Amino acid sequence: MKKVITYGTFDLLHWGHIRILERAKAQGDHLTVVLSTDEFNAIKHKHAYHSYEHRKYILESIKYVDKVIPENTWDQKIRDILTENIDVFVMGDDWEGEFDFLEDYCKVLYLPRTENISTTKIKDDLKYV
Ligand code: C2G
């Protein structure tokens, strides 16, 4: 079984998130999403609208997603890849190059971000409704 992993906050889920999950899953047979906890979001200077539990519940309902585990720190990726037996690490290309060090452990793939949508854009657009 070819196992894929990806990381993120996935707040206010939108089609850009779905597209990265769809394309990540297409790289193998099993997709693990490592979901930023509310505490780790604070470290990333992000404030998610939905709690970790609700973001996890939403992700687990998506047909491309097989497993959701917490992301607590920047430096858990190697351990995750080893403990989850990962073959492919996938991120959007806004992260291009940031995780190349993982190539010692698995294939690293950066996929094009989906244009014209983001959680920030949704929040900004709703401000003026
Ligand atoms: N994404 C995308 N297209 C968008 C928006 C997001 O392809 N329009 C992708 C991002 O590139 C990322 C994933 O969706 O691969 C999740 O995005 P975020 O929830 O913003 O995650 P981020 O804050 O980038 O967290 O340790 C890594 C971090 O946890 C990544």
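Scroll up to find the structure this text is about.
Caption draft 1: Up close: the pattern of salt bridges. In this structure the tally under the stated criterion is eight salt bridges. A salt bridge links Lys56 to Glu60; its shortest N-O distance comes to 2.6 Å. One end of the pair is Lys56 and the other is Glu60, both in helix H3 (residues 52-60) and four residues apart, which spans about a single turn. Under the relative-accessibility criterion, Glu60 is labelled partly exposed at 42%. A salt bridge links Lys77 to Glu71; the shortest N-O distance between them is 3.5 Å.

Caption draft 2: Structural view of the nonpolar core. Counting 18 residues, the largest nonpolar core has Leu21, Val33, Leu59 and Val90 as its most contacted members. For this core, the elements supplying multiple residues, two or more each, are helix H1 (15-25), strand E2 (30-36), H3, strand E4 (88-92) and strand E5 (107-111). With residues near it in sequence (within four places) discarded, Val90 still touches Val4, Ile5, Thr6, Tyr7, Ile20, Ala24, Gln27, Leu109 and Leu111.

Caption draft 3: Expanded view of the pairing of E4. In terms of burial, E4 is a largely internal element, five of the five residues being buried. Burial along E4 is two-sided: Val88, Val90 and Gly92 and Phe89 and Met91, pointing in opposite directions, are all buried. Here strand E1 (residues 3-8) runs beside E4; their pairing, made up of two bridges, is parallel. From the neighbouring strand, Val4 faces E4, where its bridge partner is Val88.

Caption draft 4: Expanded view of H3. Of all the positions in H3, only Tyr52, Arg55 and Leu59 are classed as buried. Angular distribution of buried residues about the axis of H3 spans 65°; they occupy a single face of the element. Exposed side of H3, more than 90 degrees from the buried face: Glu53 and Tyr57 are the residues found there. Those residues of H3 that are buried are in contact with H1, E2, helix H2 (38-43) and strand E3 (67-71).

Caption draft 5: Here's a closer look at the site of the ligand. Around the ligand, a shell composed of 21 residues is seen, among which Lys46, Glu71, Lys77, Asp94 and Ile117 lie nearest. Between the ligand and Ser36, the relevant distance is 3.4 Å, taken from an oxygen atom to a side-chain nitrogen or oxygen of the residue. Within the side chain of Lys77, one N or O atom sits 2.8 Å away from an oxygen atom of the ligand. Sorting elements by how many residues they give to the shell around the ligand places H1 first, with three residues. Within the shell around the ligand, the residues separate by chemical class into seven nonpolar, eight polar and six charged.

Caption draft 6: Structural context of a nonpolar patch on the surface. Residues Leu13, Tyr57 and Ile58 make up a contiguous nonpolar surface patch of about 290 Å² in total accessible area. Tracing the sequence through the fold places Ile58 in helix H3. The exposure class of Ile58 is partly exposed, given its relative accessible area of 30%.

Caption draft 7: Highlighting the environment of Ser61. Secondary-structure assignment places Ser61 in the loop between H3 and E3. Classification of Ser61 as exposed rests on a relative accessible area of 59%. Separated by 53 residues in sequence, Ser61 and Thr114 have C-alpha atoms that sit 21 Å apart. From its side chain, Ser61 meets the backbone oxygen of Ile58 in a polar contact 2.6 Å long.

Thresholds applied
- Residues numbered from 1 in each chain as written.
- Predicted model: local features only at pLDDT ≥ 70, side-chain atom pairs only at ≥ 80, totals over all residues.
- Heavy atoms only, no water.
- Salt bridge = Lys/Arg side-chain N within 4 Å of Asp/Glu carboxyl O.
- Helix = DSSP H or I, 4+ residues; strand = E, 2+ residues; numbered from the N terminus.
- Buried < 20%, exposed > 50% of the residue type's maximum accessible area, 1.4 Å probe, protein only.
- Core = buried A, V, L, I, M, F, W, Y, C linked by side-chain atoms within 4.5 Å.
- Contact = heavy atoms within 4.5 Å.
- Pairing = 2+ DSSP bridges.
- Arc of directions from axis to C-beta.
- Near = heavy atom within 4 Å.
- Polar contact = N/O pair within 3.5 Å; in protein donor to acceptor, adjacent residues only side chain to side chain.
- Nonpolar A, V, L, I, M, F, W, Y, C, P; charged D, E, K, R; others polar.
- Patch = residues over 30% accessible without salt bridge, like charges linked within 9 Å, V, L, I, M, F, W, Y side chains within 5 Å.
- Areas by Shrake-Rupley, 256 points an atom, 1.4 Å probe, with all protein chains shown as cover.

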